[in-house]
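# Observations on the three-dimensional arrangement
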Amino acid sequence: MTSVASDPRSAPTKVAARAVNASKIYGSGEAEVRALDGISVEFADCAFTAIMGPSGSGKSTLLHCLAGLDRVTGGQIFLGDVEMSSANEKQLTLIRRDRIGFVFQAFNLIPTLDAEENITLPMALAGRKPDKEWFDTVVRTVGLADRLHHRPSELSGGQQQRVAVARALASKPDLIFADEPTGNLDSHAGAEILGFMRRAVDDFRQTIVMVTHDPVAASYADRVVFLADGKIVDEMLDPTADLVLDRLKNFGE
Amino acid sequence: MLKLTLKGLFAHKLRFALTALAVMLGVSFLSGTLVLTDTIKRTFDELFADVNKGTDAYVRSSEKLDSHLGTIRPRIPASLISEIAKSEGVARQHGSPVAQGQLQLSAQLVGKSGEPVGDPGQGAPTLGFIWDDFRQLSPWKLDTGRAPRADDEVVIDKGSADKTGYKVGDKVQILTQVAPAKYRVVGIAKFGRADSPGGASVTLFTREQAQTIARARNQFDGIAVGGQAGVSQADLVKRIRSSIDLPKIQVITGAELTKENQNEIQKSLSFFNTFLLIFALVALFVSCFIIFNTFSIVVAQRTKEMALLRAIGASGRQVMSSVLGESLVVGFLASVAGLGVGIVLAGGLKALLGSFGIDIPAGGTVLNTRTVVVALLVGTVVTVASAIAPSLRASVVPPIAAMRASALEGTESPSLLSGLSRSTKIILGVLVAIFVPGGVIILLIAWLSRKVSWLGRVALGLVVLTLGAAAILVGLFGGRIALVGVGAVVVFVGIALLGPVIARRTSRLLGSKPVAMFVLFAGALMTLAFGLATVASLVQSALALFGGKIGTALALAAAAAAAAVLAAACVNLVVAARAAFRVEGRLGTQNAERNPNRTASTAAALMIGVALVALITILASSTKASIGATIDKAFRADYIVAPKAGGFGGSGFSPELATAVKALPEIQTATGLRFGTAELDGKSKFLISADPKALNELFDLQPANTTAFENLGPDQIAVSKRIAKEKGWKVGDTVKARFPNGGTTDLTVAAKFGVGQQGGLSDYFVSLDTFSRNYPEQFDVQVYAKLKPGVSLAAGKLAMDRVVKPYANAKVEDQAGFKAKQEQSIDQFVNLIYALLFLAVIIAGIGIANTLALSIVERTREIGLLRAVGMTRSQLKSTIRWEAVIIALLGTVLGLVIGLVFGWAIVRALSDQGINKFAPPGAQLVVIVLIAALLAVLFAYFPARRAARLDVLKAISTE
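What you see is a predicted model; the values in this text were computed from it and never measured.

A cluster of nonpolar residues, Phe521, Leu525, Leu528 and Leu532 of chain B, forms a patch on the protein surface that exposes about 460 Å² of accessible area. As for its position among the elements, Leu532 of chain B is in helix H17 (residues 513–546).

We now examine the pattern of salt bridges. Two side chains bearing opposite charge may form a pair once their charged atoms approach each other closely. Per the counting criterion, the structure on display carries 47 salt bridges over all chains. Lys86 of chain B is the partner of Glu83 of chain B in a salt bridge, and the nearest nitrogen-oxygen pair spans 3.8 Å. Of this pair, Glu83 of chain B and Lys86 of chain B are both found in helix H3 (residues 80–86), 3 residues apart, which corresponds to roughly one turn of the helix. Among the charged side chains, a network of salt bridges with common partners joins Glu32, Arg34, Asp37 and Lys231 of chain A.

Residue and element names in this part refer to chain B. The first and last C-alpha atoms of helix H26 (residues 793–804) sit 16 Å apart over 12 residues, in line with the 16 Å expected at 1.5 Å per residue. Buried within H26 are the following residues: Gly796, Ala799, Met800, Val803 and Val804. The arc that holds every buried residue of H26, seen down its axis, measures 130 degrees, which confines them to one face. Exposed residues pointing more than 90 degrees away from the buried face of H26 are listed as Ala794, Leu798 and Arg802. Structurally, H26 contributes buried residues whose contacts are with strand S19 (639–643), helix H21 (655–663), strand S20 (667–680), strand S26 (782–787) and strand S27 (810–814).

In this model, helix H10 (residues 369–386) of chain B (18 residues) spans 26 Å end to end at C-alpha, consistent with the 26 Å of a helix rising 1.5 Å per residue. If you check which residues of H10 of chain B are buried, you get Thr371, Ala375, Leu376, Gly379, Thr380, Val382, Thr383, Val384 and Ser386 of chain B.

Another aspect to go through is the sheet that holds strand S7 (residues 99–102) of chain B. All names here are of chain B. Across the sheet, 4 strands lie side by side as S7-S17-S1-S18; this open sheet has antiparallel pairing. Edge positions in the sheet fall to S7 and strand S18 (249–253), since each of these pairs with one other strand and no more. On average, each strand axis in the sheet is inclined to that of its neighbour by 20 degrees, with strand direction left out of account. Here strand S1 (residues 57–61) runs beside S18; their pairing, made up of 5 bridges, is antiparallel. Looking at the pairing, Tyr58 lines up with Ile252 of S18. Sitting on the sheet, helix H6 (residues 233–243) is in contact with S1, strand S17 (222–225) and S18, with an inclination near 165 degrees to S18. Contacting S1 and S18, helix H7 (residues 254–301) crosses the sheet at an angle of about 95 degrees to S18.

All names here are of chain A. Positionally, Lys59 belongs in helix H1 (residues 59–66). Despite its burial, Lys59 pairs with no opposite charge, the nearest such side chain being Glu180 at 5.0 Å. There is a polar contact of 3.2 Å between the side chain of Lys59 and the backbone oxygen of Gly53. Residues in contact with Lys59, not counting those within four places in the same chain, are Ile51, Met52, Gly53, Pro54, Val211, Thr212, His213 and Leu227.

Further remarks concern the interface of chain B and chain A. The extent of an interface is frequently quoted as the accessible surface area lost upon association of the parts. Taken together, the 24 residues of chain B in the interface contact 28 residues of chain A. Taking both partners together, chain B and chain A bury about 2,300 Å²; carbon and sulfur atoms supply 68% of that area. When the buried area of chain B at its contact with chain A is split by residue, Leu865, Val869 and Leu953 of chain B rank highest and sum to 26% of it. Taken together, the connections running from chain B to chain A amount to 2 salt bridges. The salt bridge partner of Arg586 of chain B is Glu117 of chain A, with a shortest N-O separation of 3.7 Å. In this assembly, chain B and chain A are joined by 6 residue pairs in polar contact (both at pLDDT 80 or more). At the level of elements, helix H19 (583–594), helix H28 (860–868), helix H29 (873–909) and helix H32 (952–956) of chain B are the ones that each hand at least two residues to the side of chain B that touches chain A. Top element by residues in the side of chain B that touches chain A is H19 of chain B. It accounts for 7 residues. Each residue belonging to the side of chain B that touches chain A can be placed in one class, and the counts come to 10 nonpolar, 5 polar and 9 charged.

Attention now goes to the packing of H19 of chain B against H29 of chain B. Residues and elements named next belong to chain B. One way to put it is that H19 packs onto H29 with a least axis distance of 8 Å and a crossing angle of 40 degrees. Compared by their axis directions, H19 and H29 come out oblique. Crossing handedness for the pair H19 and H29: right-handed. Between H19 and H29, the contacting residues are Glu584, Gly585, Leu587, Gly588, Thr589, Asn591 and Ala592 on the first element and Gln875, Thr879, Trp882, Glu883 and Ile886 on the second. Looking at the contact of H19 with H29 residue by residue, the classes come out as 4 nonpolar, 6 polar and 2 charged.

Parameters at a glance
- Residues numbered from 1 in each chain as written.
- Chains lettered and ligands numbered in written order.
- Predicted model: local features only at pLDDT ≥ 70, side-chain atom pairs only at ≥ 80, totals over all residues.
- Heavy atoms only, no water.
- Patch = residues over 30% accessible without salt bridge, like charges linked within 9 Å, V, L, I, M, F, W, Y side chains within 5 Å.
- Areas by Shrake-Rupley, 256 points an atom, 1.4 Å probe, with all protein chains shown as cover.
- Salt bridge = Lys/Arg side-chain N within 4 Å of Asp/Glu carboxyl O.
- Helix = DSSP H or I, 4+ residues; strand = E, 2+ residues; numbered from the N terminus.
- Expected span 1.5 Å × (residues − 1).
- Buried < 20%, exposed > 50% of the residue type's maximum accessible area, 1.4 Å probe, protein only.
- Arc of directions from axis to C-beta.
- Contact = heavy atoms within 4.5 Å.
- Pairing = 2+ DSSP bridges.
- Axes fitted to C-alpha atoms, helices over the stretch in contact; angles between N-to-C directions.
- Lys, Arg positive; Asp, Glu negative; His and termini not counted.
- Polar contact = N/O pair within 3.5 Å; in protein donor to acceptor, adjacent residues only side chain to side chain.
- Buried area = accessible area lost by both parts, 1.4 Å probe.
- Nonpolar A, V, L, I, M, F, W, Y, C, P; charged D, E, K, R; others polar.
- Parallel < 35°, antiparallel > 145°, perpendicular 65-115°, else oblique.
- Left-handed = near helix turned anticlockwise from the far one by under 90°.

Read these as spatial facts, not as claims about activity.
See the structure below:
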């Protein structure tokens, strides 16, 4: 099923990013693998979207292509009005730096930089001064005010992820991509991180796209998009953990 | 385990290729040196075999004097020939006995343009011989023309004829110890199959003329005798001995003579061999650091793999031998490659020495079994030995390390010291305590505070450093050079041990803004300079191209390309330095800090090269300053006639020149200065001779008693106050002396003077008549002259130039020019040493590239993350380049410090020898820093490019 997933709220709101008939094909002939098979999807501004699906469904590939870390082999990717598929390497780098925030599953921080330096890294790379007020707000929100001058090795796993979330928020990006942000955390620390992300959308009007395996994590989102075999197979608004779990069980059949 | 070893190698081709490159370069220098000296030796062996081919017996004096120019023997009477003729077994040619008197003289041809041929001071000797009457005895074969018959006829060697364009019939000026004279070339001869013997320029005179020039009427250096067919050399010698039974006359076989000549050459080559080998060993020593570093990093990176091996049952010993096995394979393969490159490099070394005026005759290539064995053995042993510490570290990786989350993330591998058993630690502590009691205290504190590895390292480093410094000082002040060398190596090791501690603190300092500002500014200036050089070379190249000079145009284009590469490197340096003010540069600085061991041992490799370069630079400038001071202080001459080529040994002018200068109406005082070797009080010494009265007027020797010095007579000697004090000689004492002309002379100490060897002269002085009586050849090495009052400098110079003109190898210099010339000859030698040290610096550069490349592998995920959150490729490159610059600056600064300390110590130790001013050249030392920074950027090129090309996605998802 190739469907244009439509969000009832998308009509009045802006679209932060969208994929138009995007495909990603590895290899050729017999060995051809379609990681993305003509996907079209939109991500609304100021919304928290989760992407779910079994391993190999193409959810990470979709995220990478949307985030400018990878390129589609067919179709188009838009960030706002900018078409990413035609940007060159340098332009992609600058887009990532200035307009996208990242939270990875692990190894989110540069070990030689302290928490504050890690948070402001994208801005430092751009040669920009961070907005002091916003920075303080972000740091307060994630509760890192007394840990700013600690190096990553001096922080717990949960604290490290909080620094990563703060970094993603600090430059006020158009879009934040989170790739299994709670995958390496215990449930308590994971809940904390997801809470921050929820607040970022509700209080700071940020846009988050998150790939996850975890139905509980997905339940924090406004909307869940389900992928299988490189295609969008379903979506769910205002998900709960149980509903998501039920939906996932059906993939097996 | 062997299979695992090999798999490990193939899996990491690049990192081992770089290590192998370091080993290979060191080994190639070593084998290149051996091949070159073997080749030279064979060339000379064949040469002497050719020279003495027809000689069955050789008659000469049994007296001999060993000098720095080889063994000298007094001449023998020519009348011996008729005695020899009476012996049975001597061959006959047209009724005459085949016995040829031989003389060797200094004779220098002057080319058509007025330039002297050859350079007796440094390279190709310029010699004169008697044209042999007997074909049996002569190695010479006429190529064109005929033998010399008249006194003004000569035969010259084909090599010189080809070089100068002289043909049979041409008139040629020849410089000898008598006044310059014109001769007619009547023949051009080949030496056996060669154009000239070992690159020498040779003139062959008639016997009478040779004796006239040598002032050896009825004398020869020796007599070569040819035997009849069927008479063995030994028999002939026996028969000649029985017919001339004179004291002080010696008869040896031709074979013995050849062997002796060959041995003597080998002896003089051994200095040259040692000289080159020292640089080869320096290169190998630097390689050791790189090998050590590579294996250390690789072991750290493979901690997990090794732990897994331990977990599944491999013993620590097995893990260790797998690492050592890798080093064995790498070392052996690299040595084989190094040997191959060395054979090629031998030619390059020859060309290099040639470009510094040291002409080496060497034909073909000689590869002895010894060279192969030494090269392979040294290369392999050095590699394995350097890998011992890292392999020990590998063996103590605990199996549990396999379970840890990440082996790479900033974790240091287990310390070597922590792997040792407690008893070993105690033994180590006791050993250290024997040398420095403080060491054990520090170790104790270390043990109590459980910081064994860090403090233990400091203690060990300090102890080693102290020991090395002590060895150097003892060696320097006790005159034991070997000890200095050992001490230097020990000091380098000591500093390398301390390195990590220094590196952590220093890296931040070096990455600081003032340093970056300096590098930025200097880099910008260099960019401009190299940019201009590029443009200038290009323009000149284009002009040459239009002028039809294709070769010149190509050379200039190549120069332009080289300058462009350097300009580009400077731009990169500037960009990297600018980055230091921003986050990407800070990351570079922090990366240099985070693994201080790694940074330090990489820097240590460069430190060695820089220390030696700095040391040589400091010694050279101190020597120049000392000579300059002496000239300024003691010199009262207006003009000096000095050899054009510079240097002393072998070159000089006929005393006629000094006589002619003295006779000029413009000149008030003049004297020639002669140098000679004599055995004084049982030791071979360097002495000078001049007109004492004139010399004291022209050069302030500070005699204790001016009258006594100025009236120095025959069989009298003046010595410096320093030597007099050292030997306890008083005026009136007798000194036993042996001179080249034979016999023992009792010299009376008649005067003492203040400025001896410290003033650049000698501690021993004799008058000209003593000198001329005791030396076979009289050459003035310099002529000092002072103008009459009222004569202008220009008029004086004009008059002197006119007299000097026939002496093509001489040039009139004023004091400034003389000073400049002395400095020039020092610079030339220094440049040669720079060129030889270059390889050590290149190897250190490879070390930087290697460390960066390995660190990048380690930091793949980090780089991926940086790129993901928006670091551009060029920012990433700057990060890596700045890290390289910091490593290089660290090595350079340490090297400069060592160079300064050593330089100071050596200058202090040499103050008796005339180097009494310690003058470190600031500007040159700064240039060394900049060159090191530039090299770092050049060598960081490939690692930086590699990092920038990493696929972001793959990088972040790397385990």
